[in-house]
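Fold and geometry: a report
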Amino acid sequence: MSYQVIARKYRPQRFEDVVGQEHVTQTLANAIARKRIAHAYLFVGPRGTGKTTIARIFAKCLNCTDGPKVDFSDDDSRVQEIAEGRSLDVLEIDGASNNGVEQVRELRETCKYAPAKSAFKIYIIDEVHMLSTAAFNALLKTLEEPPAHVKFMFATTEPEKVLATILSRCQRFDLRRIPSGLIVKQLRQIAGKESVTIDDAALYAIARGADGGMRDAESALDQLISFCGGEIVEADVLSMFGLAAQGQILALSQAVLAGETENALQLLNELARQGKDLGRLVSELLQHFRNLLIFQVSRGELALLEVSETEAAVLAKQADGLSSDGLTRMMDVLADCEGRLRDTASRKILLEVTLLKMIEARHAVSIDTVLKQLQQLRAEAGGVLPRPAAARATGGVAASATPSQAAARPPVAVAATGHAAPAGGSELDQLWHKLVEAISQVSPFVRSYFIEAHPVSLSKNLLTIGFDPEFAEHRALVDNSRNHALLQTKLAELGHPNVQVKFIQASAPENRPPPPPPPPPSPAAPAPAPAPATPAASPVVAVAPAKPNPPPAATGKDDFKNDPLVQKALEVFKGQIVEVRS
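Residues numbered from 1 in each chain as written. Predicted model: local features only at pLDDT ≥ 70, side-chain atom pairs only at ≥ 80, totals over all residues. Heavy atoms only, no water.

Description of the overall build of the chain
On a plain count of helices and strands, the chain comes out with 25 helices and 14 strands. Counting all 582 residues of the chain, 42% fall into the buried class. When contacts within the chain are restricted to residue pairs at least 6 apart in sequence, long-range pairs at least 24 apart make up 74% of them. Carbon and sulfur atoms make up 52% of the accessible area of the chain, which amounts to about 30,200 Å² in all. (Helix = DSSP H or I, 4+ residues; strand = E, 2+ residues; numbered from the N terminus. Buried < 20%, exposed > 50% of the residue type's maximum accessible area, 1.4 Å probe, protein only. Contact = heavy atoms within 4.5 Å. Areas by Shrake-Rupley, 256 points an atom, 1.4 Å probe, with all protein chains shown as cover.)

Some points on a nonpolar patch on the surface
On the surface, Ile367, Leu371 and Leu374 cluster together into a nonpolar patch covering about 270 Å² of accessible area. Of note, Leu374 is situated in helix α18 (residues 367-380). (Patch = residues over 30% accessible without salt bridge, like charges linked within 9 Å, V, L, I, M, F, W, Y side chains within 5 Å. Salt bridge = Lys/Arg side-chain N within 4 Å of Asp/Glu carboxyl O.)

Examining the pairing of strand β12 (residues 462-467)
Within β12, five of the six residues are buried, which leaves it mostly tucked inside the rest of the structure. As paired elements, strand β11 (residues 453-459) and β12 share six bridges and run antiparallel to each other. Opposite Ser457, over in β12, you have Thr464 as the bridge partner. In textbook terms, the turn of a hairpin is the stretch between consecutive antiparallel strands, and for β11 and β12 this stretch comprises two residues, one of which, Lys460, has a positive phi near 55°. Sheet analysis places β12 next to strand β13 (residues 500-505), joined by six bridges and oriented parallel. If you follow Phe467 over to β13, its bridge partner there is Gln505. (Pairing = 2+ DSSP bridges.)

Quick notes on the nonpolar core
Counting 37 residues, the largest nonpolar core has Leu281, Phe289, Leu292 and Met358 as the members making the most contacts within it. Sorting the residues of this core by element identifies α12 (246-257), α13 (261-273), α14 (278-297), α15 (309-318), α16 (324-341) and α17 (347-361) as the ones contributing at least two each. Here this core gets nine residues from one element, more than from any other, and that element is α14. Not counting chain neighbours up to four residues away, the residues in contact with Phe289 comprise Ser253, Leu257, Leu327, Met330, Met331, Leu334 and Met358. By size, the runner-up hydrophobic cluster in this structure holds 28 residues, among which are Leu203, Ile206, Ala210 and Leu221. (Core = buried A, V, L, I, M, F, W, Y, C linked by side-chain atoms within 4.5 Å.)

A closer look at the environment of Val446
Of note, Val446 is situated in helix α21 (residues 444-450). Apart from residues lying up to four places away in sequence, Val446 is in contact with Ile439, Asn483 and Pro564.

Describing the side chain of Thr52
Turning to its location among the elements, Thr52 is positioned in helix α3 (residues 51-63). The class of Thr52 is buried, set by a relative accessible area of 16%. Apart from the residues within four sequence positions on either side, Thr52 is in contact with Arg11, Glu92, Asp126 and Ala155.

A short note on helix α9 (residues 200-210)
Taken together, the buried positions of α9 are occupied by Ala202, Leu203, Ala205, Ile206, Ala207 and Ala210. Lining the buried residues of α9 we find α8 (180-193), β6 (197-198), α10 (214-228), β7 (231-232) and α11 (234-241). Asp211, located one to two residues past α9, shows a positive phi value of around 55°.

Observations concerning the confidence of the model for the chain
Summing up the model confidence of the chain, the mean pLDDT is 80 and the portion of residues at 70 or higher is 82%. Contacts from residues 383-425, a stretch scored under 50 in pLDDT, to residues over four places away or in other chains number 100 contacts. Every residue in residues 522-555 is under pLDDT 50, and counting partners more than four places away or in other chains gives 53 contacts. (pLDDT = per-residue confidence, 0-100.)

Some remarks on the packing of aromatic side chains
Inspection of the entire model under this criterion finds eight aromatic pairs. Look at Tyr41 and Phe173: their rings are 6.1 Å apart centre to centre, the planes differ by 25°, and that puts the pair in the stacked class. Of this pair, Tyr41 sits in strand β1 (residues 40-44) while Phe173 sits in strand β5 (residues 171-174), placing them 132 residues apart in sequence. Pair check on accessibility: Tyr41 and Phe173 agree, each one buried. The interplanar angle of 25° and the centroid separation of 5.6 Å between the aromatic rings of Tyr123 and Phe152 together place this pair among those described as stacked. Here Phe152 lies in strand β4 (residues 150-156) and Tyr123 lies in strand β3 (residues 121-126), a separation of 29 residues in the sequence. In this structure Tyr123 comes out as buried when scored by relative accessible area, which is 1%. An aromatic cluster is present here, built from Tyr41, Phe43, Phe58 and Phe173 joined pairwise through their rings. (Phe/Tyr/Trp six-rings, centres within 6.5 Å; stacked < 30°, edge-to-face > 60°.)

Section: the pattern of salt bridges
Summed over all chains, the structure comprises 19 salt bridges. As a salt-bridge pair, Arg177 and Asp211 come within 3.7 Å of each other at their nearest N and O atoms. Of this pair, Arg177 sits in the loop between β5 and α8 while Asp211 is found in the loop between α9 and α10, placing the two residues 34 residues apart along the sequence. Arg177 sits in the partly exposed class, given a relative accessible area of 46%. Where Glu284 meets Arg280, a salt bridge forms, and the shortest distance between an N and an O atom there is 3.8 Å. In this pair, Glu284 and Arg280 are both assigned in helix α14, four residues apart and thus about one turn of the helix distant.

Considerations on the packing of α12 against α15
The N-to-C vectors of α12 and α15 enclose an angle of 5°; their axes lie 11 Å apart at closest approach. Compared by their axis directions, α12 and α15 come out roughly parallel. The segment α12 lies against α15, with Gln246, Leu250, Ser253, Gln254 and Leu257 engaging Thr310, Glu311, Val314 and Gln318. Here the residues of the contact of α12 with α15 sort into three nonpolar, five polar and one charged. (Axes fitted to C-alpha atoms, helices over the stretch in contact; angles between N-to-C directions. Parallel < 35°, antiparallel > 145°, perpendicular 65-115°, else oblique. Nonpolar A, V, L, I, M, F, W, Y, C, P; charged D, E, K, R; others polar.)

Structural notes on the sheet that holds β13
Spatial ordering of the open sheet is given by β11-β12-β13, a layout of three strands whose pairing is mixed. Two strands close off the open sheet at either side, each with one partner strand: β11 and β13. Adjacent strand axes in the sheet meet at a mean angle of 25°, parallel and antiparallel pairs treated alike. Against the sheet, helix α20 (residues 427-442) contacts β11 and β12, and its axis sits at roughly 125° relative to β11. Contacting β12 and β13, helix α23 (residues 481-493) runs over the sheet at an angle of about 120° to β13.

Considering the environment of Arg169
By the element assignment, Arg169 lies in the loop between α7 (164-167) and β5. For Arg169, a relative accessible area of 22% gives the class partly exposed. Spatially, the C-alpha atoms of Arg169 and His39 are 8.9 Å apart, while their sequence positions differ by 130 residues. Beyond its immediate sequence surroundings of up to four residues, Arg169 is in contact with His39, Ala40, Leu140, Leu143 and Glu144. Looking at Arg169, its side chain comes within polar contact range of the side chain of Glu144, at 3.2 Å. (Polar contact = N/O pair within 3.5 Å; in protein donor to acceptor, adjacent residues only side chain to side chain.)

Take a look at the structure:
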């Protein structure tokens, strides 16, 4: 007897032999038991999942002796004829090579005749989507009202190409990709019957390469037996099919999650040097990060995943301390790479860039989050959008006064702003609170950084401002020429001209006064001019009075363009202000 390949030798002969398609086989068995057999069936699914096999088993159930019945005898002559493809009443037609109108017309003529010796004349048309539109139209009438002894069974991998008028006349069954665990179990049984030793890692590698198709997995096992003989290990599978080892996939993903750029690029270079399929590598990386996301969202529910014990342990380790937003962004980068990989000539370079983008995307912040944080800062600063100094005169204080103008005008108490300095405390603390209030009139955003700071000293025309170690990063945000100029201007208005500013990291004293509250929104109507301050025995910190007619306020982009925090955001995101909405 001639050699028979594994995919044919171990092809299911009964419904209970079919793996992973119980939702289809059980429905057909129930239909036979209740004698509710339709005249046309359409089996849809990926290649190698059992479409034609189920159609043949269904034909055996219908045409067996004393049928229709599910539990037919293997020794039945009619069943054997169907299994061997020589039954006169079960005709298998290839839709790809018999796709014309003439072939369909011939089918219409022959289906009128009664079956030779079975209960039904059954037509199994594989790849039915390959029929032409004219052929489909020629089949419509026969398919809608066929003779009682005729049954049609169609199989296709592309149901969207089948005419809707054909689909509406059939009972449709969608076959699923077979889970890796079931493929591994079936391959292990076949290897045992073939007296072949194969380890679990090799079985899982074959299942990964089969992508849910049992026939592909069995063909791969057949080829490996010819290549390796009676003992198969994972390295044989990987070298034959260009797959990356599961450990390599997990190591590369760990390097990306840990931000180890050099290690990730070295691992990729090693995989490329070994001749691995980079397209397949991207797909497997995407599948791993998908598993990681599902594992994290489901809080470790393994029933939703098809992973080995080793991968499950790695998922539990990697999911700790990782945000789902970061995972989603990394998957977006991978999915974009997968789409571009088909058209690029330098696949390795594209994948290297993708790994770098994934590392950057781990902690990237979405624009929605940035806007939410800016909104929160605005709310904490008093709910007032920043306005340039030349446009505001609140409480009789002209924010645009120069140091020389401040020195030439009579003093006016800062208490006119509505926020008096706290009672008690040193003159430096009082000056600091008034300085923070003055800054908040120009930019509430900048104020939100200075309320975490404290004055250290004021001597020899040098004001030293300290930030606690926990707020050390604020120091870099405010230490720029624009903020230096703003502070010098406000100090001059408060009676301290020609003072330089220095920022340092220093802990605040334990008895540090609380920061002043944020100022209320500016009233629509101009505030009345304040009365001159009365002389006092103690020194009075004062600012220049407001001009009677302030210049018109700047509008639109200019309001935000002059704000230091907005400028910092533009610098970080390499962007520009396009539109300002209230």
